[in-house]
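# Secondary and tertiary structure notes
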Amino acid sequence: MVKGKIVVVGAGVIGLSVAWRAMNSGWRTVVVDPQPCSGASWVAGGMLAPATEAWPGEEPLLELGEASLRAWPEFAAELGDVGLRTEGTVVAAFDSADARQLEILAGHLASTGRKVDELTGPQVRQLEPTLSTSVRSGLNVPGDLAVDNRKLLDVLSSKAEFLHAEAKAVRPGAVELVDSTVDCDAVVVAAGAWSRNLHPRLNTLIRPVKGEILRLRPGRGALPLSRTIRALVESRPVYLVPRDTGEVVLGATQYEAGYNTDVTVKGVRDLLLDAERVVPGITEYVLVESAAGVRASSRDNLPVIDWLEPGVMVASGHHRNGLLLAPITAAAVVALLDGQPVPEAAQAAGLESRG
């Protein structure tokens, strides 16, 4: 039984996940995007790691991320091969100040009832032999996952009905396109950082934050990474996420640069230098791609998932956690469409506390 028709504006991982879940729930679904499967979703690292993103004061985000992480194995199994990896994450500290930051993180997680394994330098190198002897200490987070973002986008896009067009505006019952209008029962604004331009309430809730990544291919004799590595190098975050092909995604810089997606020399230099200090063997890899994307951030780093007005909903503002939060975001949107309560952990993503 078809419940009605929705239009999802945005064909990144959030929009496509929402469309797929809504379609499976009985909604006829059309996705609007002039450049589907691009933007921040295309250049993402693919980490599904709420614990290592945690920080004091952001407990609702940690709870939301963990609830979504628990949903990921079933979510991936339903979709098919999306390159899901289950080896976990190692977090490395390069110097004593970085080590102190990891101690704070471990203490915060312990205070919320979540435990990670604190490791000495030799212990963390035993777990991940590619790490430098300069690494002071580390954390082992065995429950973390990672996904191949581009495989995921390919699979999701194969299940969506696209209307390749640019949305000019949304209103109850319709999406206004460049040269036409699409009528529907509800609109879901999931256009990432561009969502802020589609509804007046989003202009102050969502802002663009630029990030750069590099993709590396192992050269002759290069040692493969066995798991995701996150590190602090003189307080700068860097991550290396392996793919099943042997490639590594290296990221991520972060700038307040509007919608600019130029890859800067400084960004590439900093990523490579910091990665080499943590994983010296990375110099044996081949640089095959540099890219930048624009994340949709919010004031409190929580996404915004709620009705903006009758007939118009938003699912945006996921910042660094779009891939991680795709399952629970899709579940929350479908619940709202069906007039049901959203998952408990997703209630913090509503508009009530944001004005």
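Quick notes on the rules
Residues numbered from 1 in each chain as written. Predicted model: local features only at pLDDT ≥ 70, side-chain atom pairs only at ≥ 80, totals over all residues. Heavy atoms only, no water. Axes fitted to C-alpha atoms, helices over the stretch in contact; angles between N-to-C directions. Helix = DSSP H or I, 4+ residues; strand = E, 2+ residues; numbered from the N terminus. Parallel < 35°, antiparallel > 145°, perpendicular 65-115°, else oblique. Left-handed = near helix turned anticlockwise from the far one by under 90°. Contact = heavy atoms within 4.5 Å. Phe/Tyr/Trp six-rings, centres within 6.5 Å; stacked < 30°, edge-to-face > 60°. Buried < 20%, exposed > 50% of the residue type's maximum accessible area, 1.4 Å probe, protein only. Domains from an automatic or database assignment. Buried area = accessible area lost by both parts, 1.4 Å probe. Salt bridge = Lys/Arg side-chain N within 4 Å of Asp/Glu carboxyl O. Nonpolar A, V, L, I, M, F, W, Y, C, P; charged D, E, K, R; others polar. Pairing = 2+ DSSP bridges. Core = buried A, V, L, I, M, F, W, Y, C linked by side-chain atoms within 4.5 Å.

### Observations concerning the packing of helix α1 (residues 13-24) against helix α9 (residues 326-337)
Contact pair α1 / α9: the axes reach a minimum separation of 8 Å and the direction vectors enclose 50 degrees. When the interaxial angle is binned, α1 and α9 end up oblique. Considering the relative orientation of α1 and α9, their crossing is right-handed. On the side of α1, the interface is formed by Val 13, Ile 14, Ser 17, Val 18, Arg 21 and Ala 22, while α9 contributes Ala 326, Thr 329, Ala 330, Val 333, Val 334 and Leu 337.

### Thoughts on the packing of aromatic side chains
Taken as a whole, this structure holds 3 aromatic pairs when the rule is applied. Seen from their ring centres, Trp 72 and Phe 75 are 5.0 Å apart, and the 80 degrees between their planes marks the pair as edge-to-face. One end of the pair, Trp 72, and the other, Phe 75, are both in helix α4 (residues 59-79), 3 residues apart, so they sit about a helical turn from each other. Judged by its relative accessible area of 0%, Trp 72 falls in the buried class. A network of ring pairs unites the aromatic residues Trp 20, Trp 72 and Phe 75 as a single cluster.

### Topic: the domain arrangement of the protein
Interface size is commonly expressed as the accessible area that is lost once the parts come together. Domain boundaries assigned for the protein yield domain 1 (5-43 + 150-206 + 299-349) and domain 2 (89-142 + 208-297). For domain 1 and domain 2, the distance between their C-alpha centres works out to 30 Å. Contacts between domain 1 and domain 2 engage 18 residues on the former and 16 residues on the latter. The junction of domain 1 with domain 2 conceals about 1,500 Å² of combined surface from both sides, 52% of it contributed by carbon and sulfur atoms. The largest share of the area that domain 1 buries against domain 2 comes from Val 43, His 319 and Arg 320, three residues that together contribute 43% of it. For the pair domain 1 and domain 2, the number of links is 1 salt bridge. One salt bridge connects Arg 150 with Glu 289, and the closest N-O pair in it is separated by 2.8 Å. Elements with a minimum of two residues in the side of domain 1 that touches domain 2: α2 (39-42) and α7 (149-157). In the side of domain 1 that touches domain 2, the residues fall into 7 nonpolar, 7 polar and 4 charged.

### Remarks on the sheet that holds strand β13 (residues 207-218)
Spatially, β5-β6-β4-β14-β15-β16-β13-β17 is the arrangement adopted by the 8 strands of the open sheet, whose pairing is mixed. In this open sheet, the two strands that pair with only one neighbour each are β5 (117-120) and β17 (285-297). For this sheet, the mean angle separating the axes of adjacent strands, direction not counted, is 20 degrees. As paired strands, strand β15 (residues 236-242) and strand β16 (residues 248-251) are joined by 4 bridges and run antiparallel to one another.

### Looking at the side chain of Arg 215
Structurally, the position occupied by Arg 215 is in strand β13. Here Arg 215 is in contact with Asn 149, Arg 150, Arg 243, Glu 247, Val 248, Val 249, Val 286, Leu 287, Val 288 and Glu 289, once residues within four sequence places are set aside.

### A closer look at the nonpolar core
One finds Trp 72 and Leu 152 to be the most contacted residues of the largest nonpolar core, which totals 53 residues. Here Leu 152 is in contact with Val 13, Trp 72, Leu 79, Val 82, Val 147 and Leu 323, once residues within four sequence places are set aside.

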